[in-house]
There are 2 protein chains.
Amino acid sequence: MIDINKAIESLDWSKDPQGLYEPIAYTLAAGGKRLRPTLALTAAEAIMNGGLLNGDAIENTLPAALALEVFHNFTLLHDDVMDKAAVRRGRPTVHVKWNENTAILSGDQMLIEAYKLLSNVPADKLPQVLKWFNEMATGICEGQQYDVDFEHMSQVSIEDYMKMIELKTSVLLANAMRIGGYIAGADEAQQKALYQFGLHIGLAFQIQDDILDVYGDPKTFGKAIGGDICSNKKTFLLLTAMETADAESKAELLQWLMATDRNEEKIAAVTAIYNRLNVREAAEATMEEHTALALAQLDKLPQNEATEKLRVLAEKLATRKS
Amino acid sequence: MIDINKAIESLDWSKDPQGLYEPIAYTLAAGGKRLRPTLALTAAEAIMNGGLLNGDAIENTLPAALALEVFHNFTLLHDDVMDKAAVRRGRPTVHVKWNENTAILSGDQMLIEAYKLLSNVPADKLPQVLKWFNEMATGICEGQQYDVDFEHMSQVSIEDYMKMIELKTSVLLANAMRIGGYIAGADEAQQKALYQFGLHIGLAFQIQDDILDVYGDPKTFGKAIGGDICSNKKTFLLLTAMETADAESKAELLQWLMATDRNEEKIAAVTAIYNRLNVREAAEATMEEHTALALAQLDKLPQNEATEKLRVLAEKLATRKS
């Protein structure tokens, strides 16, 4: 398997004007899981029936894999501006280290760079890959907009929430799988299985994120526990609590949502309500359901080292602590 | 010739989430010259040896023409955020009418929409068109960054300035011409002539912009006269004045650049220095030079109604009053 980090490091940003390209280099050097290119390349491996990708196969698949990672990092860069987030992966965000205009313009260029990488997809595969990539990018912007809309809505159903995280998180993983597999020659049934695998691990991933924000171990989680509770974020846990609570618990919960000055107490109280309503168990059950749905897709693919790797990855994501 | 405004109006933005798509509809409905799609379609007509584009030819060329217009409007949307501009084409800008986050996110989606339109370019032409489009988009971001960099530089040469406006303005017009012509079947020599035509009318256009900002008729110009002088913008006129002034005039000019509280007086004084140094004549000569270079390219193309239209357009841009 090709070393994704090395491939990303080999992208050259030492061009002029440095004011435009340095923030891109900075953003991509921050690391992260490199989950999206890993999925794309592993999907390609699975379709090519195992073994390491090499030669032409790498040359064909790598541009799309890198495009997905650059695109993902573009979304983080602009999201951080919109969220006014000061820190990302332990370092100051671009709009803090430079300024907001730099974050906007370098972010725009990063999105264009993703398309530049994508333009190196083999010509016979390019029209379809470009369509899927655009569809994915659109989904993420739509998901982001729904997320913003939800902040101002008094009632959001779990169904709405699932649709939002599907757009915001899952379509990127699903398309990483589908695009990687398609370039490697996946047939339509395989494309569909790859897509569904990515979709369901994405949903499981996001629900696990919501669980960890409340029940994670502060030592391994990497962020403060209870952040979502403090900000009244409409997570799977909160929406489940709202849907399943009796009148008394619901009133108590709504009371706490109005508190903005007693964070420690609020986290403890809301967590206690969650515990009483068993929302953690409900969230875990849904997460496990989606993990199982993802794993079931693998049966429709060639059985080889790469599909085994995807199985391990899905299980690891579902049990991750950070 | 197809009606560009109608084609733009027929794009459907009545989708959910409206928070994402409404600002896109608003931006595109503001009108403007529609110069870029007009160039792309006219270039295609010129190559197809005149007559109106119809049927397949429209279907093949229109997606790229629309992509160019949507892309151009995306750059205006994000530029307005970065410049904190409150008004565009007589209406509140998106970040004023909605908010900054909306302008960022809807702008991002608009860039993606440009690529969605582009994905409808005929498959055999797509790889090359996508590469040129990416090259163009990169040029515009680089040009924008140089423009920002110039604000903080004490010395900018006319050569640097020309390079900047080439990136910021001309590469979009040049690629509109080249892409339109290429889709219509232009050979390499024709592609080059179309590109150079767009490049030179872009340079002439931008220099004319600088001239109008000082010497335009307030009645027809549409904006206040002297805006560039007030903000010390490094225009072709200012840089020419700095390069050609004797020590005394240069000192006087630098003195006025430091004044930030006497705008009326500053505009009058700097204009007087420009007049003394004949910078208007120098700018007009350079503008006419580029218009002539553009017109010379037309000799390398089939002579027909469309090339005649391009000739008229180049001459009109060079003598425009607004």
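The structure displayed is predicted, hence computed values, not measured ones.

## A few points about the domain arrangement of chain A
All names here are of chain A.
Part 1 of the reasoning: According to the domain assignment, chain A consists of domain 1 (1–128 + 177–184) and domain 2 (187–322).
Part 2 of the reasoning: Computed from C-alpha coordinates alone, the two centres of domain 1 and domain 2 are separated by 26 Å.
Part 3 of the reasoning: Counting residues at the interface gives 16 residues for domain 1 and 18 residues for domain 2.
Part 4 of the reasoning: Taken over both partners, the interface formed by domain 1 and domain 2 buries close to 1400 Å², and the fraction arising from carbon and sulfur atoms is 77%.
Part 5 of the reasoning: Applying the counting criterion to the domain 1 and domain 2 interface returns 0 salt bridges.
Part 6 of the reasoning: Our enumeration of links across domain 1 and domain 2 arrives at 1 residue pair in polar contact (both at pLDDT 80 or more).
Part 7 of the reasoning: Broken down by secondary-structure element, the contributors of at least two residues to the side of domain 1 that touches domain 2 are helix H3 (35–47) and helix H8 (158–183).
Part 8 of the reasoning: In terms of residue class, the side of domain 1 that touches domain 2 is built from 8 nonpolar, 5 polar and 3 charged.

## So, the packing of H8 of chain A against helix H9 (residues 188–215) of chain A
Residues and elements named next belong to chain A.
Part 1 of the reasoning: Here H8 crosses H9 at 140°, and the two axes come no closer than 7 Å. Here H8 lies oblique to H9, going by the angle between them. Crossing of H8 against H9: the hand is right-handed.
Part 2 of the reasoning: Classifying every residue of the contact of H8 with H9 by side-chain character gives 16 nonpolar, 8 polar and 3 charged.

## A look at the interface of chain A and chain B
Accessible area lost upon the coming together of the parts serves often as the stated size of an interface.
Part 1 of the reasoning: Taken together, the contact between chain A and chain B spans 35 residues of the former and 35 residues of the latter.
Part 2 of the reasoning: Taken together, both faces of the contact between chain A and chain B bury some 3400 Å²; the carbon and sulfur share is 67%.
Part 3 of the reasoning: When the buried surface of chain A facing chain B is broken down by residue, Met82, Leu105 and Ile112 of chain A rank first, second and third, together holding 16% of it.
Part 4 of the reasoning: Between the two partners, chain A and chain B, sit 14 residue pairs in polar contact (both at pLDDT 80 or more).
Part 5 of the reasoning: Considering each element in turn, the side of chain A that touches chain B owes the most residues, 13 residues, to helix H7 (residues 126–151) of chain A.
Part 6 of the reasoning: In the side of chain A that touches chain B, the residues fall into 18 nonpolar, 10 polar and 7 charged.

## Digging into unusual backbone geometry
All names here are of chain A.
Part 1 of the reasoning: Following Asp16, the chain continues to Pro17 via a peptide bond in cis, the omega torsion being -5°.
Part 2 of the reasoning: Position of Pro17 relative to the elements: it lies in the loop between helix H1 (4–9) and helix H2 (18–28).
Part 3 of the reasoning: One non-glycine residue, Lys84, adopts positive backbone phi at about 55°.
Part 4 of the reasoning: Positive phi, close to 55°, is recorded for Asn232, a residue that is not glycine.
Part 5 of the reasoning: When you line up the elements, Asn232 lands in the loop between helix H11 (227–230) and helix H12 (236–244).

Parameters and conventions
Residues numbered from 1 in each chain as written. Chains lettered and ligands numbered in written order. Predicted model: local features only at pLDDT ≥ 70, side-chain atom pairs only at ≥ 80, totals over all residues. Heavy atoms only, no water. Domains from an automatic or database assignment. Contact = heavy atoms within 4.5 Å. Buried area = accessible area lost by both parts, 1.4 Å probe. Salt bridge = Lys/Arg side-chain N within 4 Å of Asp/Glu carboxyl O. Polar contact = N/O pair within 3.5 Å; in protein donor to acceptor, adjacent residues only side chain to side chain. Helix = DSSP H or I, 4+ residues; strand = E, 2+ residues; numbered from the N terminus. Nonpolar A, V, L, I, M, F, W, Y, C, P; charged D, E, K, R; others polar. Axes fitted to C-alpha atoms, helices over the stretch in contact; angles between N-to-C directions. Parallel < 35°, antiparallel > 145°, perpendicular 65-115°, else oblique. Left-handed = near helix turned anticlockwise from the far one by under 90°.

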